[in-house]
Amino acid sequence: MSEPRTFVIIGGVAGGMSAATRLRRLDEHARIIVLERGEHVSFANCGLPYHVGGVIESRDALVLQTPQALAARFTLDVRVRTEAVAIDPTERSVRVRDLASGTEESIRYDALVLSPGAAPVRIPIPGVERGLVLRDLADMDAIIAAASTARRAVVAGAGFIGLELAENLRHRGLEVTVVEMLPQVLRPFDVEMAGLVAERIRDAGVELRLSTGLTAIEDGHVVVGDGETIPADLVVLSVGVRPESGLARDAGLELDERGYIVVDEHQRTSDPHIYAVGDAVVKQRFDGPASPVWLAGLANRHGRLAADAIAGTPHAAVPALGTAIIGLFGVTAATVGRTERELRDEGRDIRVIHTHPMDHAGYYPGATQLAIKLIIDAASDRILGAQAVGESGADKRIDVIATAMAGGLTASQLADLELAYAPQFASAKDPVNMLGYVADNLAAGERSVQWHELEALQADGWLLVDVRTEGENAAGAIPGSRLIPLDELREHAESLRGERVIVHCKVGQRGHTAARLLEQYGVTVANLDGGYLTWSAGVAATSPKGAA
């Protein structure tokens, strides 16, 4: 019988533990060693903010596996508080240090999996050592201890983790201010969609300071870009992460320009015996250049793929879509794929759709409105991205669209999806189906105008016609618009012949009817995509007040 092989995994949690347990299922006799620098090899890092806020009451619930349990079930040699100091690819060995005793040893491997993760960025400002970060259970404990005596907190960074922490600190009763360098929250969303989330955050009593940089942390307050001070008993830094790729760099493995580990479709690095998974690894995207994607689902999947390749049953990783979701103060925001902002910066020819459907049949009690955005390649009708914001139903719509993207469906083919319907769950024309109908109309030649294009088109001589009712117009109107309610539009159609007309309603549906009518009277016409609701959301999000 041949000598059992030795597999070493550096780093636990999602990617490392998925690789370790999969390897055991594929090779009962291998020696599998997991090295974890921290105190816990398997914990629910996505749940950390919610224990801070008391939503998850038990700290023990966050510890998913212990070294003892993993040894009993999988005969894994899990060593916590053990740091990998150096890798020798030529000798295929790892030098490790026991952090408790300081002793070192060298472990030879047949295959090595790197799952080092990414560390929170500490911005180079005076007093940065006063700021706390959130990566593991020890960090969480420190935040809880500080919050127990604090009244006012400042969170630097309005990404997913920063906003989850802001919400949970608010749940604890703290006064919370979020400081963000960008002019919006949640960069994976476009500004008009992120603005809907920002509005909910402000309504919950959190102060948002966008387009504002943190310049110093001092005793009892922080200093922001213009020299203003904001009182703070607790400061949490959530301004991004950097890959923990020092071991890989020192071992001579290929890194990209940002320091992320480069791997092939089987998670293999530039060394054929070393694999890498998780947040320190660059991912191939379904569209656009390879980039980091910090998602637990991908880390789990890629850990499994690395194990499969090591065991001799390789499966190629599929390109990452970047599907993500967050819930804040009762509103859900979900996204998949590329943003309009990214694609326009690249000069791509795209079509964009905004809709505002109810999450289920409007006549059934409890229906709430969604805002959904679909981004499409104009030439191929390929779906490039989608975003949804609402109190209910955003998650399943984005999951359906993500599945459609993975399956290669076009935007117009969304109309043909047969989705589960009963009035308490959806509408007979599901919001995803409606996106397909609109996409089909655009593919057939119907013209739409985006909220951010409107002002320039009006300046160029296009006439904006509001086809809503008089009451709707009186409650709020777009500057420069002319009111002609839809039911009266036929009477005015001839007078509009020869004009270039943009029609708009509240959400776009009546605008579509108006555009079809006027086109058949020989009017050059376009529909304001997403109607008044999308326009008002975009204008509010980009106004000085919205970005303040």
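Residues numbered from 1 in each chain as written. Predicted model: local features only at pLDDT ≥ 70, side-chain atom pairs only at ≥ 80, totals over all residues. Heavy atoms only, no water.

Caption draft 1: How the structure looks around the overall build of the protein. Looking only at helices and strands, one finds 16 helices and 31 strands in the protein. The C-alpha atoms of the protein give a radius of gyration of 27 Å, which matches the 24 Å a tight globule of 548 residues would have. Taking the principal axes of the C-alpha coordinates as reference, the protein spans close to 90 × 60 × 45 Å. Relative to all contacts within the protein whose residues are 6 or more apart in sequence, the contacts with residues 24 or more apart total 62%. As displayed, the protein has an accessible area near 23900 Å², and 50% of this comes from carbon and sulfur atoms. Counting 53 positive and 73 negative side-chain charges, the protein places the centres of these two groups 2 Å from one another. (Helix = DSSP H or I, 4+ residues; strand = E, 2+ residues; numbered from the N terminus. Rg over C-alpha atoms; globule rule 2.2 N^0.38 Å. Contact = heavy atoms within 4.5 Å. Areas by Shrake-Rupley, 256 points an atom, 1.4 Å probe, with all protein chains shown as cover. Lys, Arg positive; Asp, Glu negative; His and termini not counted. Charge placed at Lys NZ, Arg CZ, Asp CG, Glu CD.)

Caption draft 2: Layout of the pattern of salt bridges. Considering all chains together, one arrives at 36 salt bridges under this definition. Two residues, R338 and E346, come together in a salt bridge whose shortest N-O distance is 2.3 Å. Here the residues in one salt-bridge network are D287, R338, E342, E346, R348 and R382, joined through shared partners. (Salt bridge = Lys/Arg side-chain N within 4 Å of Asp/Glu carboxyl O.)

Caption draft 3: Up close: the nonpolar core. Formed by 40 residues in total, the largest nonpolar core has its most connected members in L163, L169, V176, V178, V185, I201 and L234. Ranked by residues supplied to this core, first place goes to helix α6 (residues 191-203) with five residues. With sequence-adjacent residues up to four places away left out, V185 is seen in contact with A158, L163, A194, A198, L208 and L210. Judged by nonpolar contacts, the second largest core, of 24 residues, contains F286, L370, I383 and V432. (Core = buried A, V, L, I, M, F, W, Y, C linked by side-chain atoms within 4.5 Å. Buried < 20%, exposed > 50% of the residue type's maximum accessible area, 1.4 Å probe, protein only.)

Caption draft 4: Representation of the environment of Y363 within the structure. Within the secondary structure, Y363 sits in the loop between β24 (350-355) and β25 (370-377). Take Y363: its relative accessible area is 63%, and that puts it in the exposed class. Separated by 27 residues in sequence, Y363 and V336 place their C-alpha atoms 30 Å apart.

Caption draft 5: Broad picture of the packing of helix α1 (residues 13-26) against helix α8 (residues 296-310). α8 packs onto α1 with a crossing angle of 35° between their chain directions and a minimal axis gap of 7 Å. The two elements α1 and α8 meet at a crossing, and its hand is right-handed. Between α1 and α8, the residues in contact are A14, G15, S18, A19, R22, L23 and L26 and A296, A299, N300, G303, R304, A307, D308 and I310, respectively. Split into classes, the residues belonging to the contact of α1 with α8 amount to eight nonpolar, four polar and three charged. (Axes fitted to C-alpha atoms, helices over the stretch in contact; angles between N-to-C directions. Left-handed = near helix turned anticlockwise from the far one by under 90°. Nonpolar A, V, L, I, M, F, W, Y, C, P; charged D, E, K, R; others polar.)

Caption draft 6: Expanded view of the packing of helix α10 (residues 394-406) against helix α11 (residues 431-443). One way to put it is that α10 packs onto α11 with a least axis distance of 9 Å and a crossing angle of 50°. Classed by the angle they form, the pair α10 and α11 counts as oblique. Here R397, V400 and I401 of α10 lie close against α11, whose contacting residues are P431, V432 and L435. Considering only residue class, the contact of α10 with α11 consists of five nonpolar, no polar and one charged. (Parallel < 35°, antiparallel > 145°, perpendicular 65-115°, else oblique.)

Caption draft 7: Layout of the side chain of D256. Here D256 shows up in the loop between α7 (246-250) and β19 (274-276). Among the polar contacts made by the side chain of D256, one reaches the side chain of R258 at a distance of 2.8 Å. (Polar contact = N/O pair within 3.5 Å; in protein donor to acceptor, adjacent residues only side chain to side chain.)

Caption draft 8: Summary view of the environment of V224. Turning to its location among the elements, V224 is positioned in strand β15 (residues 221-224). Relative accessible area serves as the criterion here: at 1%, V224 is assigned to the buried category. Measuring from C-alpha to C-alpha, the distance between V224 and T355 comes to 37 Å, with 131 residues separating the pair along the chain. With residues near it in sequence (within four places) discarded, V224 still touches V179, T212, G213, L214, T215 and I230.

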